[in-house]
Amino acid sequence: MKILIATDGSEFSISAIDEVLRYHTDAETEVLIVTVVEPLVNTVGAPFGVLDTYYATYLKDARERAEKVLDKAERRFRDSAAESASVSAKVLIGKAWQEIVDEATRWPADLIAVGSHGRGFWERAYLGSVSNAVTHHAPCNVLVVRGNAGSKPREEFSK
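Position numbers for residues start from 1 in each chain and track the written sequence from start to end. Two thresholds apply to this predicted model, a pLDDT of at least 70 for residue-level local features and 80 or more for giving and counting side-chain atom pairs, whereas whole-chain, interface and lining totals are computed over all residues. Calculated side-chain values reflect all of the structure's heavy atoms, with hydrogen atoms and water omitted.

**Q** Can you lay out the pattern of salt bridges for me, pointing to particular residues and giving the numbers?
**A** Throughout this description, the term salt bridge denotes a Lys or Arg side-chain nitrogen within 4 Å of a carboxyl oxygen of Asp or Glu. Per the counting criterion, the structure on display carries six salt bridges. A salt bridge links Lys 60 to Glu 64; the shortest N-O distance between them is 3.0 Å. In this pair, Lys 60 and Glu 64 both sit in helix α2 (residues 50-80), four residues apart, roughly one turn of the helix. A salt bridge links Lys 90 to Glu 103; the nearest nitrogen and oxygen atoms lie 3.1 Å apart. Taken together, the residues Lys 90 in strand β3 (residues 86-93) and Glu 103 in helix α3 (residues 96-106) connect sequence positions 13 residues apart. Only protein chains enter the accessibility calculation, which uses a 1.4 Å probe. A residue is then buried if its area is under 20% of the maximum for its type, exposed if over 50%, and partly exposed in between. The exposure class assigned to Lys 90 is partly exposed, which follows from its relative accessible area of 34%. Note on Glu 103: relative accessible area 4%, which makes it buried. Through salt bridges with shared partners, a single network forms among Lys 90, Glu 103 and Arg 106. Labels follow the DSSP assignment, with helices taken as runs of H or I lasting at least four residues and strands as runs of E lasting at least two, numbered in each case from the N terminus.

**Q** Residue-level account of the environment of Asp 102, with values.
**A** Mapping Asp 102 onto the fold places it in helix α3. When the C-alpha atoms of Asp 102 and Val 134 are compared, they prove to be 9.9 Å apart, with 32 residues separating the residues in sequence.

**Q** Report on the packing of α3 against helix α5 (residues 130-137), specifying residues and quantitative values.
**A** Remark: α3 packs on α5, axes separated minimally by 9 Å, with the N-to-C direction vectors making an angle of 35°. By crossing handedness, the relation of α3 to α5 is classed as right-handed. Here α3 contributes Ala 96, Trp 97, Ile 100 and Val 101 to the contact with α5, which in turn contributes Val 130, Ala 133, Val 134 and His 137. When its residues are assigned to classes, the contact of α3 with α5 shows seven nonpolar, one polar and no charged. Fitted lines through C-alpha atoms give the axes, limited to the stretch in contact for helices. The angle between two N-to-C directions lies from 0 to 180 degrees. Less than a right angle of anticlockwise turn of the near helix away from the far helix marks a crossing as left-handed, whereas a clockwise turn marks it as right-handed. Pairs of residues are marked as contacts when any of their non-hydrogen atoms sit within 4.5 Å. Gly counts as polar in this scheme, as do all residues outside two lists: the nonpolar Ala, Val, Leu, Ile, Met, Phe, Trp, Tyr, Cys and Pro, and the charged Asp, Glu, Lys and Arg.

**Q** Break down the side chain of Glu 74 for me, with residues and values.
**A** Topologically, Glu 74 is positioned in helix α2. Once residues lying within four places of it in the same chain are set aside, the contact partners of Glu 74 are Ile 33, Val 87, Ser 88 and Ala 89.

**Q** Give a detailed account of α5, specifying residues and quantitative values.
**A** Within an α-helix, residues lying three or four positions from one another point in the same direction, as the helix has 3.6 residues per turn. Buried residues of α5: Ser 131, Ala 133 and Val 134, and no others. With its buried residues spanning 165° around the axis, α5 presents them on a single face. The arc in question is traced by the directions running from the helix axis to the C-beta atoms.

**Q** Help me get a handle on the nonpolar core, residues and values and all.
**A** Definition of nonpolar core: a set of buried residues of the types Ala, Val, Leu, Ile, Met, Phe, Trp, Tyr and Cys, connected through side-chain atoms within 4.5 Å. Within the largest apolar cluster, 20 residues are counted, with the highest numbers of intra-cluster contacts made by Ile 5, Val 31, Ile 33 and Phe 77. The set of elements that each furnish at least two residues to this core consists of β1 (2-6), α1 (11-23), β2 (30-37), α2, β3 and β4 (111-116). No other element matches α2, which puts six residues into this core. Ignoring sequence-local partners within four residues, the contact set of Phe 77 consists of Ile 5, Ile 17, Val 20, Leu 21, His 24, Val 31, Ile 33 and Val 87. One finds Val 36, Val 101, Ala 109 and Cys 140 within the second-largest nonpolar core, a separate group that totals 19 residues.

Next comes the structure, spelled out in C-alpha cells:
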C-alpha cells in the first residue's frame with residue numbers, strides 16, 4: 001500500500017502520522033511524507049529588486065522550516081514503523097491542497113492521510129480547509145484525522 005501523509009508540523013498532522021502507524025506499518029507499506037511551502041502572493045508597487053530579494057529569502061527560509069518539519073515527521077514514523085517499511089519525504093511548492101492532490105496522482109498513492117484542525121463552518125469559509133479540498137479532489141481514499149485522535153485508545157463498536 002502506498003500512503004501519502006501530508007504534514008504541516010502541527011499536532012493535527014502528527015495525529016495523522018500516528019493514526020497511519022496504528023494500521024499500516026507492515027513491510028509492504030510505502031510512505032511518502034510531504035509538506036507544502038505556499039509561495040507569496042505578488043505585491044504590486046514594490047521597488048524594483050526589493051520584492052525579488054525578499055521573496056528569495058522567504059522561499060529559502062520556508063524551505064528550511066519545511067525540511068525540519070519533514071525530518072521530525074519522518075523520524076516519528078521510522079521510530080514506530082516496521083524496519084522494512086519504506087519511508088521518504090518531499091517538500092512541495094504551491095497551493096497546499098493542489099500540490100498534495102497532484103503528488104498523490106503522480107506517485108500514485110492508494111491513501112492520503114491529513115490532519116484536520118476541526119474548524120467550524122465560518123473559520124473554514126474564511127481560512128479555507130486543506131483537508132476538505134483534498135477530500136473533494138483526491139484521486140484515492142483520504143483519511144482525515146481530527147485533533148489528537150491518533151493518541152486516543154481505540155474504542156470498540158460493540159454496541
